[in-house]
Amino acid sequence: MSALIIFGLLVALMLTGMPISISLGLTVLTFLFTMTEVPIDTVALKLFTGIEKFEIMAIPFFILAGNFLTHGGVAKRMINFATAMVGHWHGGLGLAGVIACALFAAVSGSSPATVVAIGSVILPAMVAQGFPKQFGAGVITTSGALGILIPPSIVMVMYAVATSGMLVEGPNGEVVDAASVGELFIAGVVPGMMLAGFLAFTTWYRARKNNYPRLAKASFRARWTAFREAIWGLLLIIVVIGGIYAGIFTPTEAAAMSAVYAFVISVFVYKDLTLRDVPRVLLASANMSAMLLYIITNAVLFSFLMTHEGIPQALGTWMVDAGLSWWMFLIIVNVLLLAAGNFMEPSSIVLIMAPILFPVAVRLGIDPVHFGIMIVVNMEVGMCHPPVGLNLYVASGITKMGITELTVAVWPWLLTMLAFLVLITYVPAITLTLPHLIGM
C-alpha cells in the first residue's frame, strides 16, 4: 500500500508538469509528514549526508571537461582524424561521425555534449557533400548516445552513487556490495566499442545500399597530419582510463584531472578558446552541475523513503517467492526502463529506479556491474526516442528538423541499439570479461 501511495503521488505531481526533482522532494516530504512519524531532523540529516559522497564530485568536473572540449576545437580535430581514416568507405562522412562520437564520448561523459560537439561540425559537411539530412541526423543522434556508455560516463557515476553503501544478501546468503565507479568505467569499454561498431555497420550498410557519397582516399601523410593534430584530445582517453586502471588516481580525481587537461589544451595548445571565454564555460558548467546535484539531492531523499518503508526488500522477497527467474526479471527491467524513458531523463530514472531494482537483481544472482551497464544501455535508447529523448531535442536544434521527422530518421539505428540491448542483457561476459581480466 505504501508503494502505491508513494508512486501514485509522484506520478500525479509529474503529470502537472512539475519538474521531476521537485516532484521527488514533495512526494517524500508529503508522505513522511502525513503517513509516518519520522522526525524532521532525520530528513535534514539525510539530505546532507546523502550527497556527502566523494564520487559525486566527479560529475561537475566531467561536465566542465566536456564543455571545455566542446568549445575548444577538440571535436573538429577528432572529426578530421576520423574522416582521414574511413572517409573513402561507403558513407565515409557518416562513418567518420560515428567514430568521432565514440572518440569524443571517451573524453566527455555526456551524450548531449557529444551530439552538439560532433553534430554541429559534421552535419553541415554531410549535407554539403550530398547526404540526405535525415541520414546525417540519424547517425549523429544515435551515435551521440555513446557519450554515456563509453567511459567516462556521468550516468555510470549516477548509478554508483544511487547504489553505494547498499549491502544486499545474494542468492547463496553472501553479502554483495554495489559496483564502484572504476569497475563500471572499465566494464563499459567493450560494450561501448561494440555498440560503436554496430552503429558504424548500420551506417555503412545503408550508405552502400543507397549509394551515398564517398571521399577520396586520404594519403598516409594526410592521415599522419590529422592524427598529430588530434593527439592532444586523444591523449585525454589515456589520462582518464589509463590513470584509473593503473591506480594512479580514483575516478573522481580522474575527473578533476580531465577538467584541468581540457582547459590547458583548449586555451593554450589549440587556442580555439580564449581566456575571455573561460568564465562563460564555467557558468554553463555550474548551471548544469547545479541542476544535476539538485536532482541527486531529492533522489537521495526518495531512496531513503523507499528503504524506510522496506519497499525494495519486499519487492525482492515477493519476486523470489514467486519463482521469478533472473532472465524474466531482466525482461521486466528492460520494459520498465524503456517505458520510463518516454517521460523522464536518464539521471532521474537511474536515481529513482536503481535503489529499488538493485537489491532484487542481487537477490536473483545478477552481477551489480553487469546490471549497471544494462541500465546505462537502456538510458542510451531512451535518449534517442520521443517524447523526451534529450538527443532528439539537441539534434533538432542543430538540424532544424521537427521531432517527428527526426524520430523517423533514427529508426534504423534505434533498432540496432535495441538488438544490442538484448545482447548485453543476456550475455554478461561482454560486460564482465575485461574487469575480471584486470582483477576487478
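Residues numbered from 1 in each chain as written. Predicted model: local features only at pLDDT ≥ 70, side-chain atom pairs only at ≥ 80, totals over all residues. Heavy atoms only, no water.

Within an unreviewed UniProt entry, the label attached to the protein reads TRAP transporter large permease protein, and the organism entered is Rhodobacter lacus. Listed under Subunit (unreviewed entry) in UniProt, the entry text for the protein is "The complex comprises the extracytoplasmic solute receptor protein and the two transmembrane proteins." For the protein, the Function (unreviewed entry) comment in UniProt is given as "Part of the tripartite ATP-independent periplasmic (TRAP) transport system." (UniProt positions renumbered as here; feature names shortened; annotations may be inferred.)

J.: Even after reading the chapter, I still don't get the overall build of the protein, so can you show me in this structure?
T.: Helix and strand counts for the protein come out as 21 helices and two strands. The globule rule puts the C-alpha radius of gyration for 440 residues at 22 Å, and the 22 Å found for the protein is close to it. Its C-alpha atoms give the protein principal-axis dimensions of roughly 70 × 45 × 45 Å. Across the 440 residues of the protein, 55% fall into the buried class. Long-range pairs, those at least 24 residues apart, make up 80% of the contacts in the protein between residues at least 6 apart in sequence. Charge centroids of the protein, computed over 18 positive and 18 negative side chains, lie 26 Å from each other. (Helix = DSSP H or I, 4+ residues; strand = E, 2+ residues; numbered from the N terminus. Rg over C-alpha atoms; globule rule 2.2 N^0.38 Å. Buried < 20%, exposed > 50% of the residue type's maximum accessible area, 1.4 Å probe, protein only. Contact = heavy atoms within 4.5 Å. Lys, Arg positive; Asp, Glu negative; His and termini not counted. Charge placed at Lys NZ, Arg CZ, Asp CG, Glu CD.)

J.: How should I be thinking about helix α6 (residues 92-108) in this particular structure?
T.: Each turn of an α-helix holds 3.6 residues, which means side chains three or four residues apart point in the same direction. In a regular helix each residue adds 1.5 Å, so 17 residues correspond to 24 Å; α6 covers 24 Å between its end C-alpha atoms and thus fits that length. Of all 17 residues that make up α6, 16 are buried, and the element is covered over most of its length. The first or second residue beyond α6 is Gly 109, which carries a positive phi of 85°. (Expected span 1.5 Å × (residues − 1).)

J.: Is there a simple way to think about the side chain of Ser 396 in this case?
T.: Its location among the elements puts Ser 396 in helix α19 (residues 390-399). In this structure, Ser 396 is in contact with Met 401, Ile 403 and Leu 406, ignoring residues within four places of it in sequence.

J.: How should I be thinking about the confidence of the model for the protein in this particular structure?
T.: Reading predicted coordinates in detail is not appropriate for stretches of low pLDDT. Here the protein averages 84 in pLDDT, and 97% of its residues register 70 or above. Model confidence for the protein, summarised as mean pLDDT per element, is weakest for strand β1 (residues 168-169) at 70 and strongest for helix α11 (residues 189-210) at 93. (pLDDT = per-residue confidence, 0-100.)

J.: What am I meant to see in the nonpolar core here?
T.: Here is a general trend for soluble globular proteins: nonpolar side chains tend to be buried in one another's company. Of all hydrophobic cores here, the largest spans 157 residues; its most connected members are Ile 118, Tyr 159, Phe 329 and Phe 371. Here Phe 329 is in contact with Met 319, Leu 324, Leu 357, Val 360, Ala 361, Leu 364, Ile 366 and Phe 371, once residues within four sequence places are set aside. (Core = buried A, V, L, I, M, F, W, Y, C linked by side-chain atoms within 4.5 Å.)

J.: Can you walk me through the state of the cysteines in this structure?
T.: As used here, a disulfide is simply a covalent bond connecting the sulfur atoms of two cysteines. Going through the model one piece at a time under the given rule, you end up with zero disulfides. Of all cysteine sulfurs in the structure, the one in Cys 384 sits closest to Cys 101, which takes part in no disulfide; the separation is 10 Å. For Cys 384, a relative accessible area of 0% puts it in the buried group. (Disulfide = S-S within 2.5 Å.)

J.: Got a minute to help me understand the packing of aromatic side chains in this structure?
T.: Each aromatic ring pair is characterised by the separation of its centres together with the angle its planes make. This structure, assessed with the given rule, holds 14 aromatic pairs. Considering the side-chain rings of Trp 224 and Phe 227, the 5.8 Å spacing of their centres and the 35° angle between planes classify their relative orientation as tilted. Taken as a pair, Trp 224 and Phe 227 lie in helix α12 (residues 220-245) at a separation of three residues, close to a single helical turn. Using a relative accessible area of 30% as the deciding quantity, one classes Phe 227 as partly exposed. Pairwise contacts between aromatic rings join Phe 131, Phe 135, Tyr 212 and Trp 413 into one cluster. (Phe/Tyr/Trp six-rings, centres within 6.5 Å; stacked < 30°, edge-to-face > 60°.)

J.: What is the right way to look at the side chain of Thr 431 in this model?
T.: Inspection of the secondary structure assignment puts Thr 431 in helix α21 (residues 429-437). Not counting residues within four places of it along the chain, the set of residues in contact with Thr 431 comprises Ala 187, Pro 191, Val 369, His 370, Ile 373 and Ile 424.

J.: Would you take a moment to explain empty space enclosed by the protein for this structure?
T.: A probe matching the size of a water molecule, rolled over the atoms, marks out where space remains unfilled. Applying the stated rule across the entire model yields one cavity of 30 Å³ or more. Approximately 50 Å³ is the volume attributed to the largest cavity. Sorting the residues of the lining of the largest cavity by element identifies α17 (346-363) and α18 (368-382) as the ones contributing at least two each. With three residues, α18 is the largest single contributor of residues to the lining of the largest cavity. When the residues that make up the lining of the largest cavity are grouped by side-chain class, the tally is seven nonpolar, four polar and one charged. (1 Å grid on protein atoms, 1.4 Å probe; cavity = no way out; pocket = protein on both sides within 12 Å on 5 of 7 lines; lining within 4 Å. Points joined across faces, edges and corners; volume = space filled by probe spheres on them. Nonpolar A, V, L, I, M, F, W, Y, C, P; charged D, E, K, R; others polar.)

J.: It is not clear to me how a nonpolar patch on the surface should be interpreted in this structure. Could you clarify?
T.: Among the surface-exposed residues, Trp 232, Val 260, Val 264, Phe 268, Val 269 and Leu 275 lie close enough to one another that they form a single nonpolar patch of about 540 Å² accessible area. Looking at the secondary structure, you find Phe 268 in helix α13 (residues 251-269). Assessed through its relative accessible area of 47%, Phe 268 is described here as partly exposed. (Patch = residues over 30% accessible without salt bridge, like charges linked within 9 Å, V, L, I, M, F, W, Y side chains within 5 Å. Areas by Shrake-Rupley, 256 points an atom, 1.4 Å probe, with all protein chains shown as cover. Salt bridge = Lys/Arg side-chain N within 4 Å of Asp/Glu carboxyl O.)

J.: I would appreciate a short explanation of the pattern of salt bridges in the present structure.
T.: If charged atoms from side chains of opposite charge come close, those side chains can pair. In this structure the tally under the stated criterion is three salt bridges. Where Lys 76 meets Asp 272, a salt bridge forms, and the shortest distance between an N and an O atom there is 3.9 Å. With Lys 76 in helix α5 (residues 74-86) and Asp 272 in the loop between α13 and α14 (278-308), this pair connects stretches of sequence that are 196 residues apart. In this structure Asp 272 comes out as partly exposed when scored by relative accessible area, which is 32%. Salt-bridge contacts for Arg 77 lead to Asp 272; the nearest nitrogen and oxygen are separated by 2.9 Å. With Arg 77 in helix α5 and Asp 272 in the loop between α13 and α14, the pair connects residues that are 195 residues apart, well separated along the chain.

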